Amino acid sequence: MNGAQNLLQSLVNGGVEVCFTNPGTSEMHFIAALDQVRGMRAVLGLFEGVCTGAADGYARMAGKPAATLLHLGPGLGNGFANLHNARRANTPLVNIVGDHATYHLRHDPPLTTDIESIVRGFSGWVRRSRSAADVPADAADAIASAMSPPGRVATLILPADCSWGESGEPAPAPATPRPTPVEPARIRQIADLLRRTEPVVLFLSGTLCMEDGLRLAGRIARATNARIMGNRVNGRTQRGAGRVVVERLPYPIEPSLAMLRGAAHLVLVGSPAPVPFFAWLGKPNWIIPEGCRTHVLATPEEDGLGAMRGLAEELGAPSDVSAVYPYQRPPLPTGEITAEKVWRTLTALMPENAIVSDEGVTSSRDAEGWTVGAPPHDWLNVTGGSIGQGLPVATGAALACPGRKVFAMESDGAGMYTLQALWTQARERLDVVTVIFANRAYRILRGELKQMGIAEPGPKAAAVLDLGNPDLDWVKLAEGMGVPGSRALSCEAFADQLRDAIQHPGPRLIEVVL
Ligand SMILES: Cc1ncc(C[n+]2csc(CCOP(=O)(O)OP(=O)(O)O)c2C)c(N)n1
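Residues numbered from 1 in each chain as written. Predicted model: local features only at pLDDT ≥ 70, side-chain atom pairs only at ≥ 80, totals over all residues. Heavy atoms only, no water.

Caption draft 1: Layout of the environment of valine 245. With respect to the element layout, valine 245 can be found in the loop between β9 (237–239) and β10 (247–248). Separated by 30 residues in sequence, valine 245 and arginine 215 have C-alpha atoms that sit 9.7 Å apart. Look past the residues within four positions of valine 245 in its chain and what remains in contact with it is Ile228, Ala323, Val324 and Tyr325. (Helix = DSSP H or I, 4+ residues; strand = E, 2+ residues; numbered from the N terminus. Contact = heavy atoms within 4.5 Å.)

Caption draft 2: Structural view of the environment of leucine 83. Mapped onto the fold, leucine 83 is located in helix α5 (residues 80–88). Overall, leucine 83 belongs to the buried group, its relative accessible area being 0%. Sequence-wise, leucine 83 and threonine 52 are 31 residues apart; in three dimensions their C-alpha atoms are separated by 5.8 Å. (Buried < 20%, exposed > 50% of the residue type's maximum accessible area, 1.4 Å probe, protein only.)

Caption draft 3: Main features of the site of the ligand. Inspection of the region around the ligand gives 17 residues, with Thr362, Ser411, Ala414, Ala441 and Ile444 positioned closest. Taking threonine 362, its side chain carries an N or O atom lying 2.4 Å from an oxygen atom of the ligand. Separating an oxygen atom of the ligand from a backbone N or O atom of arginine 443 is a distance of 2.9 Å. If the ligand stood free it would expose 580 Å²; the protein chains cover 79% of that surface. Of all the elements in the fold, those that place two or more residues in the shell around the ligand are α16 (412–415) and α18 (443–451). Counted by class, the shell around the ligand contains eight nonpolar, seven polar and two charged residues. (Near = heavy atom within 4 Å. Polar contact = N/O pair within 3.5 Å; in protein donor to acceptor, adjacent residues only side chain to side chain. Areas by Shrake-Rupley, 256 points an atom, 1.4 Å probe, with all protein chains shown as cover. Nonpolar A, V, L, I, M, F, W, Y, C, P; charged D, E, K, R; others polar.)

Caption draft 4: Layout of helix α21 (residues 491–503). Counted at 1.5 Å a residue, the expected span for α21 with its 13 residues is 18 Å, and the 18 Å between its end C-alpha atoms agrees. Residues of α21 that are buried include every one of Cys491, Phe494, Ala495, Gln497, Leu498, Ala501 and Ile502, and no others. Against α13 (339–349), β15 (406–411), β16 (432–438), β17 (485–488) and β18 (508–513) lie the buried residues of α21. (Expected span 1.5 Å × (residues − 1).)

Caption draft 5: View of unusual backbone geometry. Along the chain, proline 149 connects to proline 150 via a cis peptide bond; the corresponding omega equals 0°. On the secondary structure map, proline 150 appears in the loop between α7 (135–147) and β6 (153–159). Along the chain, asparagine 469 connects to proline 470 via a cis peptide bond; the corresponding omega equals 5°. Relative to the helices and strands, proline 470 is located in the loop between α19 (459–463) and α20 (474–480). In this model, asparagine 225 sits at a positive phi of 70°, which is unusual for a non-glycine residue. Within the secondary structure layout, asparagine 225 lies in the loop between α10 (211–224) and β8 (227–230).

Caption draft 6: Broad picture of the sheet that holds strand β4 (residues 93–99). The strand order across the open sheet built from six strands is β2-β1-β3-β4-β6-β5, with neighbouring strands paired in parallel fashion. The sheet terminates laterally at β2 (41–44) and β5 (123–128), the two strands that pair on one side only. Adjacent strand axes in the sheet meet at a mean angle of 20°, parallel and antiparallel pairs treated alike. Across five bridges, the pairing between strand β3 (residues 67–71) and β4 is parallel. Within β4, the position partnered with leucine 70 by the bridge is valine 97. (Pairing = 2+ DSSP bridges. Axes fitted to C-alpha atoms, helices over the stretch in contact; angles between N-to-C directions.)

Right, dumping it as C-alpha cells:
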C-alpha cells in the first residue's frame, strides 16, 4: 500500500469515517485512495471554510473527529477561521494539509508557504510526515492527539511523496486518551465551600453542558442553592424541555456584570474563567466581580464529569434537580415578522431532538429566552467569534446525525461568508432547514458605533455596515446551489414554510425579510 492508502486505512481504523475536502494536485493520491480503501465518506466543500466548519459541526455531534483534506497553505488559510472556531470549541479534528513533495519544496514553487506558521494559530498538535513509512503512525498519533481531552485540532502535513511512496502496514486504532481525574481533596474543598451560606456559582463549559453534566449540576444546585451558569459561547449545549436550566452570560458587558453581581465564589468546571468579549472604551474589562473568589473544580483537560459525580456524592445530593425547562409550546405568532417571532415560531413547531446551529448574531441575542418551552434539542454556538460558522457547522451536524432535523439560524452577513455550504447540503441530501435573518445590515456593528456615541454614522461608515444596494436574494442563491428556497414576509407565511420544511426531509432555505 502507498502512504495515502495507509493513511486512509489508519484513519478508518481509528474511527475517522468522514473527510471534508477541497483537494488539489498534491492530494491526488489521497483522492485516488478513496476508491481503494473502504469506509471513508468523502464530502466536497466548495470553499475550505465549509470543510473546516463542517468537520467541527460533525465532531461536536458525533463525539469523534472527522478529517479535513486541504490544499497546501492557501487552502489551509481559507479554512483558518473555522479551524479557529473549532479550537475554541475544543473540537477533536484531524486536519490534513497536503504539501509539495519533500524534494520539490526547495525550489519554492508557486503554492509554497510556511504552513507551520499558519497552523500555529489553532493546532494543539502539528506534525509533518517525514516519509511514507511514517504516515500510518502519524495518522494514529493525530487521532489520539485530536481526542486527548478536551479535544483539539491536530494537523498532519502530508508531503506528496509521503502519499505516493511505499508505506508498509496501516496503524491500528490508537488508545483513547482519558481525562485526568480530579483528586478527592479538591472535590472535598469545593464541597466545603458549597456547604457554606455564601452565594456560589457553578460555571460550566464544554461537555459539562450536556445532559449528564447538567443533571449533576442540577442535583448539586438542588442540594446547595448554587447557581448554574455557563458561557454564552459553547460548542454544544443540551437544552429544552426537562433539561436543567443554565443561565448563560450575554454578549454585552453590563448584563454580564449584573448576572454575576453578588457572587462570593465562582467554581469553574471544565471552563476557563469568563472574560468580556472585547475591551470596550470606558467600560470594565472583567466580568468576575471584585471580592468574588475563583476556584477550579476541574480544568477543561480534567475529568469534570467525574469531579461533579464525586461532588454530588460528597454532598449527598438528592436525585432530583434544580429548575428544568418546561415543555410549553407557545402559540404561533401573527402579524408583522420579527426575529423574536421567528424564534417563537420555531419553538412552536420544532420537532423532538432537533439540532440548532445558532449564528443569528443580533437576531439571536435573546433566543435563549424565546425558545423556552421547546422539546429537548442540541444548541451549537459560534465559539471563536469568527462568523461564517453557522452553515458549515449545520452541514457537519446533519451528516453526523441522520434522522435529526437541523436548523441553521443564520444572519445574512455571517451567512454570506460560507454560503457554499448550501451546495454541500444539496449534494449530500442533508436534512437542514436554513433560516436567514435578512436585516440587510451588519446590525451589530451599527450598535457598536452607537455605543461609541455615534448614533448617526457618516455616509462612508454607514455604507460599509449596510448589506443593501443591491439586496441579496437568498432564494435565488439557495436555488442556484440546489436548495429549494422561499421568502417569508409575515409570521403566517413563515409558519407555513417552516411547517412544510419540517415535514419534508432534505435541505431548505427560508429567507425572512426583517
Ligand atoms: C471572520 C470575521 N470577520 C469579521 C467579523 C466582524 N463582525 C462581527 S459581527 C459582523 C457582522 C454581522 O452581521 P450579520 O451577520 O448580518 O448579523 P447582524 O449583526 O446583522 O445581526 C462582523 C463583520 C467577525 N466576527 N469575524
